[in-house]
Amino acid sequence: MAQIVAEKDIQLITIAIPSLSQKELTVLVNKIAPLGIPVNHLPSIEGLACGDISVSKLKNVDLVDLLGREEVALDIGKISDQIQGKTVLVTGAGGSIGSEICRQLVNFKPKTLILLGHGENSIYLINQELAEKKAAETELIPVIADIQDKKRIEEIFAQYSPEIVYHAAAHKHVPLMEYNPKEAVKNNVFGTKNLAEAAKRSSVENFIMISSDKANNPPNVMGSTKRIAEMIVTGMNETGSTKFAAVRFGNVLGSRGSVIPLFKKQIEKGGPVTVTDFRMTRYFMTIPEASRLVLQAGALAKGGEIFVLDMGEPVRIYDLARNMIVLSGYSEDEIEIVETGIRPGEKLYEELLVDKERQNQQIHEKIFVGTVNGFDLEDIEKFCEEVVEESSSKLAADVVDYAQRSCR
């Protein structure tokens, strides 16, 4: 290949093998990389069939291709039976995951879709986008509200009587929450509690909380507050008619605050690309895949479960940075990768379940079931009300200790 490139003055390489596996594609891209030539590839048959890509426009190789995640086969009938004709509320509807859940939901023709968020611009944008693609029978209702405002949340449930709730609103940035632990507790714990209690009083059919792999044995404030929120939600399932469950997954490609946009900016500036620790690994999936699996888990929920999405193999962040440099048309000689040290609250490796949560049950090829139970809701509430009055440093230490003890 190097010889042909030199002899023929090749300026673009196209990979016309859409059936290549992720490993094979990665090997080929890495062989092309030192040549310093742009590379694209023939789109998949699925991409052509869905109208996402035209034959006349070849697709650039991107990170999703190199991750090699296959499209999820969903039980469309089960999801449709649950969603069609219902009133559905999505919190954090303007965020990366929340907005994609809304995009997926409109395909199943709910009667009403309530887009709840704190930022007016993001809610305006997703409302405008969905208004162009929704079915005529679906009503969109944009709602600006803070989930920490208990009275406001109760008013919304009383006014619209949602039958299904997807709770995606949360503070998710690990280092930022280390500096702002009270805000993490107020939003992720008390905000979730407000929603869950309102859902229970309103006899909502299903309440699905979006959680994180960082809730597993958490060393940081963000993960600890998500862990406590899981305990609250699954604990609510013990009485009443509402089915409460949580869905836990790892990082999503392209979400706000993820490493991908940061790497892109650093590459555009000519480097260096910063990786906190060359040994660090993370689980990744695409936003649409995660959102579809959330809907599938919600349709399968019987109440009290922690659904864990199959994230595939963990990816080394260093390899992610190197692949992004290559896909941007540079070599590591041109864009340096430097190690900066682990930030506050970060873990080298993420886990999806601790041993005590594991069940030998897989309800879908991409969804496993775990349990978080045996926790007293009054005890959790008492702890949270006491800890929120503490100084930030003591609050952070106590929240992490409380969450970690619950994992043992």
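Residues numbered from 1 in each chain as written. Predicted model: local features only at pLDDT ≥ 70, side-chain atom pairs only at ≥ 80, totals over all residues. Heavy atoms only, no water.

## Focus: the overall build of the protein chain
And then number 1: The helix and strand tally for the protein chain stands at 16 helices and 18 strands.
And then number 2: Burial status across the protein chain gives 53% buried among its 408 residues.
And then number 3: Within the protein chain, contacts between residues at least 6 apart in sequence are counted, and of these 79% link residues at least 24 apart.
And then number 4: Approximately 18800 Å² of the protein chain is accessible, and the part contributed by carbon and sulfur atoms is 49%. (Helix = DSSP H or I, 4+ residues; strand = E, 2+ residues; numbered from the N terminus. Buried < 20%, exposed > 50% of the residue type's maximum accessible area, 1.4 Å probe, protein only. Contact = heavy atoms within 4.5 Å. Areas by Shrake-Rupley, 256 points an atom, 1.4 Å probe, with all protein chains shown as cover.)

## Considerations on a negative patch on the surface
And then number 1: A cluster of acidic residues, E238, D376, E378 and D379, forms a negative patch at the surface.
And then number 2: Note on placement: E378 falls in helix α15 (residues 377-387).
And then number 3: The class for E378 is exposed, based on a relative accessible area of 64%. (Patch = residues over 30% accessible without salt bridge, like charges linked within 9 Å, V, L, I, M, F, W, Y side chains within 5 Å. Salt bridge = Lys/Arg side-chain N within 4 Å of Asp/Glu carboxyl O. Lys, Arg positive; Asp, Glu negative; His and termini not counted. Charge placed at Lys NZ, Arg CZ, Asp CG, Glu CD.)

## A few points about the nonpolar core
And then number 1: Core analysis: the biggest nonpolar cluster contains 40 residues, and L116, I153, F157, F207 and I228 have the highest contact counts within it.
And then number 2: Looking at this core element by element, the count peaks at 7 residues for helix α10 (residues 181-201).
And then number 3: For F207, the contacting residues outside a window of four places in its chain are V165, H167, L195, A196, A199, V233, T242, K243, F244 and A245.
And then number 4: If you look at the next biggest cluster of nonpolar residues, it comprises 39 residues, including I97, A245, V294 and L309. (Core = buried A, V, L, I, M, F, W, Y, C linked by side-chain atoms within 4.5 Å.)

## Overview of the pairing of strand β6 (residues 139-144)
And then number 1: Relative to β6, strand β5 (residues 112-117) runs parallel, the two being bridged by 6 bridges. Looking across to β6, one finds that T112 is bridged to E139.
And then number 2: Since β5 and β6 lie parallel, the crossover through helix α7 (residues 120-133) that links them has a hand, and here it is right-handed. (Pairing = 2+ DSSP bridges. Right-handed = clockwise from strand over helix to strand, strands pointing away.)

## Some points on the pattern of salt bridges
And then number 1: Following the criterion strictly, the structure yields 15 salt bridges and no others.
And then number 2: E129 is the salt-bridge partner of R103, the closest N and O atoms lying 2.5 Å from each other. Within this pair, whereas R103 is found in helix α6 (residues 96-106), its partner E129 is found in helix α7, the two being separated by 26 residues in sequence.
And then number 3: One salt-bridge network, held together by shared partners, links K150, K193, E197 and E381.

## Things to note about the packing of aromatic side chains
And then number 1: The full count for this structure, using the stated rule, is 3 aromatic pairs.
And then number 2: Seen in terms of ring centroids, F383 and Y402 are 3.9 Å apart; in terms of plane orientation they differ by 5°. Their pairing is stacked. Placement of the pair is F383 in helix α15 and Y402 in helix α16 (residues 392-407), with a sequence separation of 19 residues. Here F383 matches Y402 in class, with each residue buried. (Phe/Tyr/Trp six-rings, centres within 6.5 Å; stacked < 30°, edge-to-face > 60°.)

## Some remarks on the confidence of the model for the protein chain
And then number 1: A residue-level look at the protein chain finds 86% of positions with pLDDT of 70 or above and a mean pLDDT of 84.
And then number 2: Across residues 53-57 the pLDDT falls below 50, and counting only partners more than four positions away or on other chains, this stretch makes 6 contacts in the model.
And then number 3: Across residues 354-358, where pLDDT falls below 50, the model places 15 contacts with residues more than four positions away in sequence or in other chains. (pLDDT = per-residue confidence, 0-100.)

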